[in-house]
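Close look at the chain arrangement
Here's the letter readout for the chains.
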Amino acid sequence: MVEKTKKRGVRYVQKKKVNRPASHWFRKSIWAFIAGFTFVLLSYLGYLDYNVRKQFEGNRWAIPARVYASPVELYAGYGVSAAKFEDLLQTLHYRKDARLSSEGTYFRQGPYVSLKTRSFTFWDQQQSSSLLRVGFTDSGIANIIDLAQSKEVAIVRMDPVQIGSFYPTIKEDRILIKWQDAPEALIKGLLATEDRDFYDHFGISLKGIARAMWANVRAGGIVQGGSTITQQLVKNFYLTSERSLWRKVNEVFMSLILEARFSKNAILEAYLNEVFLGQDGGSAVHGFALASEFYFGSNLKDLPLEQVASLVALVRGPSYYDPRRYPERALQRRNLVLDEMAAEAYITPEQAAAAKAKPLNVVDRTHRSANRYPAFLDLVKRQLRQEYREEDLTSEGLAIFTTLDTVVQDALEKSVATKLDQLEKLPKANDLETAVVVTRRDSGEIAALTGGRENSAAGFNRALDAVRPIGSLIKPVVYLTALEYPDKYTITTPISDTAIHIKSGDKIWEPKNYDHREHGNVGLHTALAHSYNLATVRIGMDVGIARTVKTLRNMGVTRPVDLFPSFLLGAAELTPMEVTQMYQTLAGDGFSTPLRGIRAVVAANGERLQSYPFTVRQAVDPAATYIVNTMLQEVMREGTGRAAYSVFPYDYGLVGKTGTTNDSKDSWFAGYTGDYLSVVWVGRDDNKPIGLTGSTGALQVWISLMRQISTQPVNLVPPDNIKMAWVDPYSGLLANETCEGAREYPYIAGSAPIEYAACAETAPADGVNTFFNNLFPQ
């Protein structure tokens, strides 16, 4: 009995040992799972909370830098016709509106153009919108009247043309606005169609989902969405376009977090700036402010009710309701938005009916984000990279004001296209390429630039990077160096243009003239005017190659060059930009001004970050420079540049020099008028001969361009130490006006001839008839 009882007890105990651990383990597992799930969920919510706050509180968007051309300034006497001014307004995306109901509108009536300018923040001032009437005559602007104040205005600066943008990796563009600045109709339209309970829900709206489902069932299609504005913002701002249950869960969680952390107005403001509303070429259009300009060419605050409704209509599907591609769909959706606004009593039925009767009035596609002038923008970006990081250029919303003149740039591109097509009809002139740099003569500002025949952003920028022999363009540097020694060289010093043999290492260099002839003794000015190689080499070897290179350095060229005798005939290789810097010093009368393409950089908040003021330094002797410039005028009148006077008046005073390299592989021309300096290179990328000289190639492009843009002749002003003297061309001695063939030449004081030719009947008292004595007789 005892044993049986013991056994039963043992069995009882063993049974309890098996069951109790199983039940205990199950409960523990459940609690562990709940605890683990809660920990993971809270950790994940914490992670989402961190990401939501980090992105929303920091710089929410990478705003591309906007690059602007030089603004046009209007004043009485400005040489622009009413038709050309209207072209400018259309380039600036002004729209015709006889009521001038908003900024950026105009209308033309006979010789008058009335307009309402846009307010704009420049680098030096904030300019308000103005109501103006501009009167025109055949010669240009007659007067500018401020219609609001009924008085004449001296000068008006137009808002500048945007010529491009510097984008981050993701090409998105937007114009940021504050929620307070959004039109009331826009807010009401969004609430009526996208989220009626926005100010009442906590991120998601079950009521809104149910209402949207019922409305869609009744309409037989999708007319309302169930997502709140907060959810739409989360979907666009934080999440990808992937459609999955997990993304929807994240959307809900992040919407709740966003509502808990930030105010309704902060969320609404972010939505106004983030929502995707279209595609401008390769750039996405985000936000209502940019969409307003993209579709209607107007500031958002100036849009009428029907156009605001059109923007709201795009929220549901920018591609599907694109008013340019599908105007009927867009019109139908816009009218539905107006009906919804009326149903919510945001507008009256009469207002809705009046707005629905209006057409869409969408402007032509403008591609405001396109980089219209890629070679010039390449120059701008290179200059900016010296002072700004890449991420600052592409994400901080900088406004970059440049020196580009769109009228000059367009004329340049037209000239290049036309002239190269004509030149390629000549033998050997195949597959031509070109590079051109145009500067304002008085400031060194780059007005236009092209880096090749094709206007391609991906192309090789020959204006900045093509290093080519410059040929005879170096010769003015040689003569300038010589003229800085007036006791030895003057403008009429006779130079032997005969064969010369120069030992260079183990070789003998024997240069030749282009025409393979010798011309005997010629005046220094004649040697340059006709680009005689032999005379130039003799001068250069006499003054020294090193001294000539020093002059080149003083003129702004820093690239290393070889000190070989062939340097004197242009064996040195430079880029078109470097050649332009060299000739800018000549155009500046011996004063060097660094070439610049940027005027100022302004931050997104309007603060001026950087300005690029005009700087100048004396680089070479102004008197010697003046004499070289008069000799370069002779190049244009009688020498290799004379073809230009088939187009220009003979008294225009053109200054310039042609350049041709061995085997006619490079055709160059550099020259200036009273207002512009232009340097042109024509050649082939494979360095094969093109059969063109500087005169038959590059000069033709220069003439075509300059006849379109130049309005000022050259007026060289002699320095005080320049004296004019009449000289007999046969003897090189002093003469007077009565001597046959006598010409007046400039000399540095004390360097003119002192003996008289036989033809001189009388001599001036001081031996020199100065230019100023002729003007101001004593």
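One can find the structure itself at the top, above this paragraph.
I will try to describe carefully the structure that is included in this document. Since the structure is predicted, the reported quantities are computational estimates derived from the model, not experimental observations. Throughout this description, residue numbers start from 1 for each chain and increase along the sequence as written. Predicted model: local features are reported for residues with pLDDT of at least 70 only, side-chain atom pairs are reported and counted for 80 or more only, and whole-chain, interface and lining totals are derived from all residues. For side-chain calculations, the full set of non-hydrogen atoms in the structure is used, while hydrogens and water are omitted.

The subject of this paragraph is unusual backbone geometry. For Ser-150, which is not glycine, the phi dihedral falls at a positive 55 degrees. Only DSSP runs of H or I reaching four residues or more are called helices, and only runs of E reaching two or more are called strands; each is numbered from the N terminus. You can see Ser-150 is positioned in the loop between strand 9 (140–146) and strand 10 (151–152). You will see that Lys-428, though not glycine, has its phi angle at about 70 degrees, which is positive. Tracing the chain through its elements places Lys-428 in the loop between helix 14 (406–423) and strand 17 (433–440). Type-normalised accessible area, obtained with a 1.4 Å probe on protein chains alone, sets the label of each residue: buried when under 20%, exposed when over 50%, and partly exposed for intermediate values. Residue classification places Lys-428 among the exposed positions, given a relative accessible area of 58%.

Before going further, it helps to examine the layout of surface pockets. Points on a 1 Å grid over protein atoms alone make up a cavity when a 1.4 Å probe fits among them but cannot get out, and a pocket when they form an open set with protein on both sides within 12 Å along at least five of seven lines; lining residues each have an atom within 4 Å of a point. Grid points are joined across faces, edges and corners, and a volume is the space filled by probe spheres set on the points. If you add up the space inside the second largest pocket, you get close to 1,400 Å³. Lining the second largest pocket are 39 residues, and of these Tyr-78, Asp-405, Val-407, Val-408 and Tyr-676 sit closest to its centre. Of all elements in the fold, only strand 2 (73–75), helix 2 (82–91), helix 14 and helix 22 (698–709) reach the threshold of two or more residues within the lining of the second largest pocket. Under the scheme applied, nonpolar residues are Ala, Val, Leu, Ile, Met, Phe, Trp, Tyr, Cys and Pro; charged residues are Asp, Glu, Lys and Arg; polar residues are all the others, including Gly. Considered class by class, the residues forming the lining of the second largest pocket number 18 nonpolar, 9 polar and 12 charged.

Another aspect to go through is helix 8 (residues 288–296). In terms of residue burial, helix 8 counts as a mostly covered element, since 8 of its 9 residues are buried. One or two positions beyond helix 8, positive phi appears at Gly-297, with a value near 65 degrees.

Counting across every chain of the model gives 4 cavities of 30 Å³ or more. Its volume calculated, the second largest cavity comes out at about 60 Å³. Only helix 8 and helix 9 (305–314) provide two or more residues apiece to the lining of the second largest cavity. Top contributing element to the lining of the second largest cavity by residue count: helix 9, with 4 residues.

This next bit is on the pairing of strand 8 (residues 131–137). Strands pair, by our definition, only if DSSP identifies at least two bridges between them. Relative to strand 8, strand 5 (residues 112–116) is paired through 5 bridges, and the arrangement is antiparallel. The residue of strand 8 that forms the bridge with Tyr-112 is Gly-135. By the bridge criterion, 6 bridges tie strand 8 to strand 9 in an arrangement that is antiparallel. Its bridge partner lying in strand 9, Thr-137 is registered against Gly-140. Counting the residues between successive antiparallel strands, the hairpin from strand 8 to strand 9 contains 2 residues.

Quick look at the side chain of Arg-596 now. Mapped onto the secondary structure, Arg-596 falls in the loop between strand 25 (591–592) and strand 26 (598–602). Polar contacts involving the side chain of Arg-596 include one to the main-chain carbonyl oxygen of Tyr-612, which spans 2.3 Å. We call two residues in contact when some of their heavy atoms are within 4.5 Å. Once you skip the residues sitting within four places of it in the chain, Arg-596 turns out to touch Gln-383, Thr-403, Ser-443, Gly-444, Glu-445, Ile-446, Tyr-612, Pro-613 and Phe-614. Polar contact is defined as a pair of N or O atoms within 3.5 Å, subject to the rule that within protein one atom must be able to donate a hydrogen and the other to accept it, and that residues adjacent in sequence are counted only when both atoms are side-chain atoms.

Moving on to the packing of aromatic side chains. Any two rings among Phe, Tyr and Trp, with Trp reduced to its six-membered ring, count as a pair given centres within 6.5 Å; such a pair is stacked if its planes are under 30 degrees apart, edge-to-face if over 60, and tilted if neither. Across all of its chains, the model carries 16 aromatic pairs by this definition. Look at Phe-669 and Trp-702: their rings are 5.0 Å apart centre to centre, the planes differ by 65 degrees, and that puts the pair in the edge-to-face class. With a gap of 33 residues between them, Phe-669 in strand 30 (residues 666–672) and Trp-702 in helix 22 connect regions that are remote in the sequence. There is no split in this pair, since Phe-669 and Trp-702 are both buried. A connected cluster of aromatic rings, assembled from ring pairs, spans Tyr-68, Phe-120, Phe-122, Trp-123 and Phe-401. To sit over a ring, a charge needs its Lys NZ or Arg CZ within 6 Å of the ring centre and within 35 degrees of the ring normal. Residue placement shows Arg-329 over the ring face of Tyr-326; its charged tip is 4.1 Å from the ring centre. Here Arg-333 stacks its cationic end above the ring of Tyr-321, 5.9 Å away from the centre of that ring.

Bringing the sheet that holds strand 4 (residues 105–109) into the picture now. Pairing is mixed across the open sheet formed by 6 strands, whose spatial order is 3-4-5-8-9-10. Strands with a single pairing partner mark the edges of an open sheet, and in this sheet they are strand 3 (95–96) and strand 10. For every element, the axis is a line fit to its C-alpha atoms; helices are fit only across the contacting stretch, and the angle between N-to-C directions ranges from 0 to 180 degrees. Packed onto the sheet, helix 2 meets strand 3, strand 4, strand 5 and strand 8 and runs at close to 160 degrees relative to strand 4.

The next thing to look at is the packing of helix 16 (residues 475–483) against helix 19 (residues 545–554). Helix-helix packing is characterised by the crossing angle of the two axes and by the distance between the axes. Viewed as axis vectors pointing N to C, helix 16 and helix 19 meet at an angle of 105 degrees, and their least axial separation amounts to 9 Å. When the axis of helix 16 is compared with that of helix 19, the two are roughly perpendicular. Across the interface between the two elements, Val-477, Val-478, Leu-480 and Thr-481 of helix 16 pack against Arg-547, Thr-548, Thr-551 and Leu-552 of helix 19. Partitioning the contact of helix 16 with helix 19 into residue classes produces 4 nonpolar, 3 polar and 1 charged. These descriptions rest on fixed angle ranges, namely under 35 degrees for roughly parallel, over 145 for roughly antiparallel, 65 to 115 for roughly perpendicular, and the rest for oblique.

Taken together, the side chains of Trp-25, Phe-26, Ile-30, Trp-31, Phe-33, Ile-34 and Phe-37 make up a nonpolar region of the molecular surface, amounting to roughly 880 Å² of accessible area. If you trace the backbone, Trp-31 turns up in helix 1 (residues 2–57). Candidates for patches are residues over 30% relative accessible area with no salt bridge; among them, like charges are joined within 9 Å and nonpolar side chains (Val, Leu, Ile, Met, Phe, Trp, Tyr) within 5 Å. Areas reported as accessible are Shrake-Rupley estimates using a 1.4 Å probe. Residue values count occlusion only from the protein chains shown. Whenever a carboxyl oxygen of Asp or Glu lies within 4 Å of a side-chain nitrogen of Lys or Arg, that contact is scored as a salt bridge.

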